[in-house]
Amino acid sequence: LHRRRHSFPTRALPIYKTDSIPLQPIVFEDTSLKTIVDAMAAYYHVDVKVLNPVSTHIRLYFKWDRQCSLQQNIELLNAFDRVKVSYSDNTLTIE
């Protein structure tokens, strides 16, 4: 009996942290800031606190790339006029 040697590809296969399907961005169109922040909070497993209830009603067009860090997405949100979101102590705060 001869044992057949298995040959394996020599090039490295990509390693994904979650699964092999890249996360597609989520596009929010004319969506309230509160809805966007709530979705991000659920995804990143953080809480939400509202200091300025008026700001929660601001409607935005926002492309959320879940492959970016929470901090990167906060910076993108804060680039909008009248939007101030901060993060500390496991809580997103709408200021």
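Whatever comes next refers back to the structure up there.
It should be emphasised that the depicted structure is a prediction, and the values quoted were computed from it without experimental measurement.

The rules we used
- As a convention, each chain's residues are numbered from 1 in the sequence order in which they are written.
- In keeping with the predicted nature of the model, local features appear solely for residues at pLDDT of at least 70, side-chain atom pairs appear and are counted solely at 80 or more, and the whole-chain, interface and lining totals rest on all residues.
- Note: side-chain values were computed over all heavy atoms of the structure, leaving out hydrogens and water.
- Here the aromatic set is Phe, Tyr and Trp, taking the six-membered ring for Trp, and pairing holds for ring centres within 6.5 Å; pairs whose planes are under 30 degrees apart are stacked, those over 60 apart are edge-to-face, and all others are tilted.
- Only protein chains enter the accessibility calculation, which uses a 1.4 Å probe; a residue whose area is less than 20% of its type maximum is buried, one above 50% is exposed, and one in between is partly exposed.
- Numbering of helices and strands starts at the N terminus; helices are DSSP runs of H or I of at least 4 residues and strands are runs of E of at least 2.
- As used here, the arc belongs to the directions running from the helix axis to the C-beta atoms.
- For this analysis, residues touch if any pair of their heavy atoms sits within 4.5 Å.
- Within this scheme, the nonpolar core is defined by two criteria: the residues are buried Ala, Val, Leu, Ile, Met, Phe, Trp, Tyr or Cys, and they are joined through side-chain atoms within 4.5 Å.
- How far a helix is expected to stretch is found by multiplying one less than its residue total by 1.5 Å.

Colleague: Looking at this structure, I do not really get the packing of aromatic side chains. What am I missing?
Modeller: The geometry of two aromatic rings is summed up by the distance between their centres and the angle between their planes. Taken as a whole, this structure holds 5 aromatic pairs when the rule is applied. Centre to centre, the rings of Tyr43 and Tyr44 are 5.0 Å apart; their planes meet at 85°, and the pair counts as edge-to-face. With a relative accessible area of 31%, Tyr43 lands in the partly exposed category. Between Tyr43 and Trp64, the ring centres sit 5.5 Å apart and the planes meet at 85°, which makes this aromatic pair edge-to-face. Placement of the pair is Tyr43 in helix H1 (residues 33-44) and Trp64 in strand E3 (residues 59-64), with a sequence separation of 21 residues. Counting every residue linked through ring pairs, the aromatic cluster contains Phe28, Tyr43, Tyr44 and Trp64.

Colleague: Looking at this model, I keep getting lost on helix H2 (residues 70-78). Mind explaining?
Modeller: For the α-helix, the turn length of 3.6 residues means that residues three or four positions removed from each other point alike. Within H2, the full set of buried residues consists of Leu70, Asn73, Ile74 and Leu77. Along the axis of H2, the buried positions cluster into a sector of 105°, meaning they face one direction only. Contact partners of the buried residues in H2: H1, E3, strand E4 (85-88) and strand E5 (91-94).

Colleague: Would you mind showing me how to read the environment of Phe80 here?
Modeller: By the secondary structure assignment, Phe80 is in the loop between H2 and E4. With a relative accessible area of 27%, Phe80 lands in the partly exposed category. For the pair Phe80 and Leu60, spaced 20 residues apart in sequence, the C-alpha to C-alpha distance is 8.5 Å. Setting aside its immediate chain neighbours within four residues, Phe80 contacts Leu60, Tyr61 and Phe62.

Colleague: Would you mind showing me how to read the nonpolar core here?
Modeller: Nonpolar side chains tend toward joint burial in soluble globular proteins. Ranked by size, the top nonpolar core spans 19 residues in total, and within it Leu33, Met40, Leu77 and Leu92 carry the most contacts. At the level of elements, H1, E3, H2 and E5 are the ones that each hand at least two residues to this core. The dominant element in this core, judged by the number of residues it contributes, is H1, at 6 residues.

Colleague: When you look at H1 in this model, what are you seeing that I'm missing?
Modeller: Taking 1.5 Å as the rise per residue, H1 with 12 residues should run 16 Å; its terminal C-alpha atoms sit 16 Å apart, in good agreement. For H1, the full list of buried residues reads Leu33, Ile36, Val37, Met40, Ala41 and Tyr44. The arc that holds the buried residues of H1, viewed along the axis, is 135°, so those residues lie on one side. Next to the buried residues of H1 lie strand E1 (26-32), strand E2 (47-50), E3, H2, E4 and E5. Two residues or fewer past H1, His45 is found with a positive phi of approximately 60°.

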